[in-house]
Amino acid sequence: MKLVYAHEMGALDKKAAEEFYLPTAVLMENAGSAAAETAAELLGGDVYAKSVVVFAGKGNNGGDGLVAARWLSAGGARVKIFLASPAAEFTGAAGVQLKICAKSGLAVTELKEECDWNIAEIAAAHADLMIDALLGTGFKGELGGNYKRACLLMNGARADVLAVDIPSGTQADTGEADENAVQAAATVTMQLPKPGLYLYPAAELAGKVVVAPIGMPEALTEQAEGNKYLLDSEIVRDFLPIRSGNCHKGEAGRVTVAAGSPGYTGAAALCAQAAVKAGAGLVSLYTPLCSREVLAVKLTEVMVKGLIERMPGVLGGGAAAEVLDAAAKSDVLAIGPGLGTSEATGEVILNILENYEGTAVIDADALTALSRKAEILPQLKCTKILTPHPGEMARLCGLSAAEVDVRRIELAEKYAAEWNCVLVLKGAPTVIGCPDGTVYVNTTGTPAMATGGCGDVLTGIIAGLCAQGIEAEAAAACGVYLHGLAGELAADGCIGFAAGELAAFVPEARRMAENGEI
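Parameters and conventions
- Residues numbered from 1 in each chain as written.
- Predicted model: local features only at pLDDT ≥ 70, side-chain atom pairs only at ≥ 80, totals over all residues.
- Heavy atoms only, no water.
- Axes fitted to C-alpha atoms, helices over the stretch in contact; angles between N-to-C directions.
- Helix = DSSP H or I, 4+ residues; strand = E, 2+ residues; numbered from the N terminus.
- Parallel < 35°, antiparallel > 145°, perpendicular 65-115°, else oblique.
- Left-handed = near helix turned anticlockwise from the far one by under 90°.
- Contact = heavy atoms within 4.5 Å.
- Nonpolar A, V, L, I, M, F, W, Y, C, P; charged D, E, K, R; others polar.
- Core = buried A, V, L, I, M, F, W, Y, C linked by side-chain atoms within 4.5 Å.
- Buried < 20%, exposed > 50% of the residue type's maximum accessible area, 1.4 Å probe, protein only.
- Pairing = 2+ DSSP bridges.
- Expected span 1.5 Å × (residues − 1).
- Phe/Tyr/Trp six-rings, centres within 6.5 Å; stacked < 30°, edge-to-face > 60°.
- Right-handed = clockwise from strand over helix to strand, strands pointing away.

(A) Looking closely at the packing of helix 2 (residues 24–42) against helix 3 (residues 60–74). With their axes 7 Å apart at the nearest point, helix 2 and helix 3 run at an angle of 55 degrees to one another. Judged by the inter-axis angle, helix 2 sits oblique to helix 3. The two elements helix 2 and helix 3 cross, and the hand of that crossing is right-handed. Along the contact surface, helix 2 presents Thr-24, Met-28, Glu-29, Ala-31, Gly-32, Ser-33, Ala-35, Ala-36 and Ala-39, while helix 3 presents Asn-60, Gly-63, Asp-64, Val-67, Ala-68, Arg-70, Trp-71 and Leu-72. Tallied by class, the residues present in the contact of helix 2 with helix 3 amount to nine nonpolar, five polar and three charged.

(B) Highlighting the nonpolar core. The biggest cluster of nonpolar side chains holds 63 residues, and the ones touching the most others in it are Leu-231, Val-255, Leu-285, Ile-385, Ile-432 and Leu-465. Those residues in contact with Leu-231 that sit more than four places away from it in its chain are Val-236, Ile-432, Tyr-440, Val-441, Asn-442, Thr-443, Ala-477, Val-480 and Tyr-481. Within the second largest apolar cluster, 44 residues are counted, among which are Val-4, Val-47, Ile-81 and Leu-162.

(C) Layout of the sheet that holds strand 8 (residues 208–212). A sheet is described by the order of its strands in space; here seven strands give the open sequence 4-3-2-5-6-7-8, paired in parallel fashion. This sheet does not close on itself; its edge strands, each paired only once, are strand 4 (107–110) and strand 8. Between one strand axis and the next, the sheet turns by 20 degrees as a mean value, whatever way the strands run. Taken together, the five bridges between strand 2 (residues 51–56) and strand 5 (residues 129–133) define a ladder with parallel strand orientation. Paired with Phe-55 across the bridge in strand 5 is Asp-132.

(D) The arrangement of helix 10 (residues 265–277) in detail. Between its first and last C-alpha, helix 10 extends 18 Å over 13 residues, near the 18 Å set by a 1.5 Å rise per residue. The set of residues buried in helix 10 consists of Thr-265, Ala-267, Ala-268, Ala-269, Leu-270, Cys-271, Ala-272, Ala-274 and Ala-275. Here the buried face of helix 10 lies against strand 10 (254–258), strand 11 (282–288), helix 11 (292–298), strand 15 (332–335) and helix 18 (454–466). Gly-279 sits one or two residues past helix 10 and shows a positive phi near 110 degrees.

(E) Broad picture of the packing of aromatic side chains. Counted under the stated rule, the structure contains four aromatic pairs. Ring centres of Phe-55 and Phe-82 lie 5.7 Å apart, and the angle between their planes is 25 degrees; this geometry places the pair in the stacked category. Of the two residues, Phe-55 is situated in strand 2 and Phe-82 in strand 3 (residues 78–83); the sequence distance between them amounts to 27 residues. As far as burial versus exposure is concerned, Phe-55 and Phe-82 are alike and both buried. Judged by centre distance (4.7 Å) and plane angle (40 degrees), the ring pair of Tyr-415 and Trp-419 falls under tilted. A residue is classified by how much of its surface remains accessible, and Tyr-415, at 10% relative accessible area, is buried.

(F) Structural detail: helix 14 (residues 364–371). Counted residue by residue, helix 14 has seven buried out of eight residues, so it is predominantly covered. Residues Ala-364, Asp-365, Ala-366, Leu-367, Thr-368, Ala-369 and Leu-370 constitute the buried set of helix 14. Lining the buried residues of helix 14 we find strand 15, helix 13 (343–355), strand 16 (359–362), strand 17 (383–386) and helix 15 (390–397).

(G) Focus on the sheet that holds strand 18 (residues 422–425). Read across the open sheet, the 11 strands follow the order 1-9-20-19-18-17-16-15-10-11-12; overall the sheet is mixed. The open sheet has two edge strands with one neighbour each: strand 1 (2–3) and strand 12 (303–307). When strand 17 meets strand 18, the two strands line up parallel, connected through two bridges. Residue pairing across strands places Leu-386 opposite Leu-423, the latter belonging to strand 18.

(H) Examining the environment of Ala-107 more closely. Within the element layout of this structure, Ala-107 appears in strand 4. Separated by 26 residues in the primary sequence, Ala-107 and Ile-81 have C-alpha atoms spaced 6.0 Å apart.

(I) The pairing of strand 4, seen in detail. Pairing of strand 3 with strand 4, which is carried by four bridges, proceeds in the parallel orientation. Its bridge partner lying in strand 4, Phe-82 is registered against Thr-109. Once the chain exits strand 3 it traverses helix 4 (residues 92–103) before rejoining the sheet at strand 4, and the crossover so formed is right-handed.

(J) Structural context of the packing of helix 5 (residues 114–125) against helix 6 (residues 145–156). Relative to each other, helix 5 and helix 6 sit at 25 degrees, their axes nearing to 11 Å. One finds that helix 5 runs roughly parallel with respect to helix 6. Considering how the two elements wind past one another, helix 5 and helix 6 form a crossing that is right-handed. Contact residues: Glu-114, Trp-117, Ala-120, Glu-121 and Ala-124 in helix 5; Asn-146, Arg-149, Ala-150 and Leu-153 in helix 6. Taken together, the residues of the contact of helix 5 with helix 6 sort by class into five nonpolar, one polar and three charged.

Here it is as structure tokens:
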């Protein structure tokens, strides 16, 4: 499903009216009806005699809320409407809806005097549901005045809040939020979802997100600018490789992994084992010689080979040739997890990457090596899949980790094109940028995955999928989605599972995606 920035949705609204003869009033009626339908679901399916409080702003978002109020009232709900701006400031389609509500006998109160706020507080205290229709996708900056006070009132009441399009006080494009932004139990967003609903902190404030069609024809929505998509099971199902009935291990893909050093053998083991669990036919792990015995014991399905060392755990010059020779006979190279950050090992990593021409999944210590010489990234001959977390990304592009986290969609898109790579920017949510400008925002995962080693597992999954013959973009997208889904299955609603348990759930996650069970 396509994601749209606020201005892109605004352009669609304008085209709807000017080119498709769908006036704002019609779209508002449909949006309000959809909001009322979601409200009914939150109320258990029956709105009769339920108390619903609607807080409305003067814009189109408020107009959607007024339509919802009317529909709920028609269904027998006891509805009270509170206006955060004077009624005279409700113009256009929202103004028309306010007049209809007033003419229909709905209780409408302008929040002007302290007594009006007292009425609102009492109504909110006894509500079965509140509807936040104060501010829509155009909000930026800080909440103030009546809008801030109304948000505080909703957040302080016991009833659930349904946000219309986006919780008031949150930004549709970035997910940034005012400290007093509305905490919704659910958000009904219109026609196409907005990125901010899936970016933190707004993602946590939005609750369950419902995408509601409001009558825009597909011919119109296909004209939406940008190439940003929610990464869902439908996309993944189309991307996943299909295995023939007579496939053998050589045809299922060969993976070379360069990883592990003393103290970090776990990273190498997690990565290699994940490649196996992702479906790769043959996985070979190349690791510093002093780590070979430990990893050979850890891994029974992986061929483990030792690399030349300058000293224990530090790769020697001949190691690059060994890895390049092995990678040339494989379908994909995964490099970096726990390999070491010494200058000598970094030189070996750069030597490998500057001379490799296949597909490389580049993670962890390999990203650290590249950050010392980031100018070579666009010139590398290999097909690159970079998998940085915000700290690693910050070192690569010269920003702070905090700024990377806030700008993850923008930066994934920018640097995927600039570095001619598939950029998997890990986090909540993980964002995949592709060289052609396509961006995927992942929808799977759990906070339980905030544990060491999960990133190493992701590298192995992506490499394992790459080896099976699908394009780098598809492997990255599928890998990220299955990694998050496997995390959900492993956690089973609890915090405290170890990364080593994650790979075991990848086959089940893949089966579910292939069979359309999610």
